[in-house]
Amino acid sequence: IKNGVLNTLLLISLVRSGSDLTKQLAARAMLNVACNVDNLNSIVDVGAIGAFATLAGVQNPAIQNMCAKFFLLFATCSDHSRAELCKRANVLKAIFGLLKSGRNQSKIIILVGRTVCTILSDPLTRLSAIRAGALSVLKVIATSEYGELRDLTANIVITLVKDQTLHQYLLREPIVSVLVY
């Protein structure tokens, strides 16, 4: 990290002319660096969150899977890393977009579902996620074939309903009726 390797990996992952394999290898290396909690600030400082948001749009299941892992890691690692994910709507939309892109990829669906539920469970990040469209994504997660995600969704909705400041958003999205389904 001190030698600028992370910056190099970031550049490699974002080069448009690079092959998917090159982007995948750079993403895997950045993900490995991110797995060390001591590196989180460096990851944020070099803009890796934005890089993963960009990579999430690459139509390659292996790259999308790594992006989903990265986002879940950042959502669950600490309050600070979760807040960093939620600072920009484009990053949240990239996370949400993975759900649509990964429809046939169960790992991606589960990772994104857990990420969204983690973000919505935190009072400090839920409002920005809701404003970026998390409740629509939550409806998709609630109707998935994965019991773990349905249970998580039900718990999140119960938590959100308890917060009266969120009622205006909940009334716009018929999420409660989806749970009855």
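Computed from a predicted model, the values in this text were never measured in an experiment.

K.L.:
Explain the environment of Leu72 to me, and be specific about the residues and the numbers.
P.N.:
In this fold, Leu72 is placed in helix α5 (residues 61-77). Distance in space between the C-alpha atoms of Leu72 and Val112 is 7.0 Å, their sequence separation being 40 residues. Ignoring any residue separated from it by four or fewer positions in sequence, one finds Leu72 in contact with Leu111, Arg114 and Thr115.

K.L.:
So what about the side chain of Ser144? Which residues, and what values?
P.N.:
Assignment of secondary structure puts Ser144 in the loop between α10 (134-142) and α11 (147-161). A polar atom in the side chain of Ser144 sits 3.0 Å from the backbone oxygen of Ile141. Among all residues touching Ser144, those that are not within four sequence positions of it are Leu149 and Arg150.

K.L.:
Quick one: what's the story with the packing of aromatic side chains, residue by residue and with numbers?
P.N.:
Per the stated rule, a full pass over the model turns up three aromatic pairs. A centroid spacing of 5.8 Å and a plane angle of 70° characterise the contact between Phe70 and Phe71, whose relative ring orientation is edge-to-face. According to the relative accessible area criterion, Phe70 is buried, its value standing at 0%. Looking at Phe71, the relative accessible area reads 1%, which means it is buried. Residues Phe70 and Phe74 carry aromatic rings whose centres are separated by 4.7 Å and whose planes lie at 25° to one another, so their mutual orientation is stacked.

K.L.:
Describe the pattern of salt bridges, with residues and values.
P.N.:
Tallying each qualifying case throughout the model produces five salt bridges. In this structure, Arg114 and Glu148 form a salt bridge, with 3.6 Å as the shortest nitrogen-oxygen distance. Here the residue Arg114 occupies a position in helix α8 (residues 106-121), and Glu148 occupies one in helix α11, the gap between them amounting to 34 residues. Since its relative accessible area comes to 34%, Arg114 is described here as partly exposed. As a salt-bridge pair, Asp163 and Arg126 come within 3.8 Å of each other at their nearest N and O atoms. Placement of Asp163 in the loop between α11 and α12 (167-172) and of Arg126 in helix α9 (residues 126-131) is noted, with a sequence separation of 37 residues between them. Taking relative accessible area as the criterion, Asp163 reaches 23% and is therefore assigned partly exposed. One network of salt bridges, with partners in common, ties together Asp79, Arg82 and Asp122.

Basis of the calculations
- Residues numbered from 1 in each chain as written.
- Predicted model: local features only at pLDDT ≥ 70, side-chain atom pairs only at ≥ 80, totals over all residues.
- Heavy atoms only, no water.
- Helix = DSSP H or I, 4+ residues; strand = E, 2+ residues; numbered from the N terminus.
- Contact = heavy atoms within 4.5 Å.
- Polar contact = N/O pair within 3.5 Å; in protein donor to acceptor, adjacent residues only side chain to side chain.
- Phe/Tyr/Trp six-rings, centres within 6.5 Å; stacked < 30°, edge-to-face > 60°.
- Buried < 20%, exposed > 50% of the residue type's maximum accessible area, 1.4 Å probe, protein only.
- Salt bridge = Lys/Arg side-chain N within 4 Å of Asp/Glu carboxyl O.

In short, the description is geometric, and any link to function would need to be established separately.
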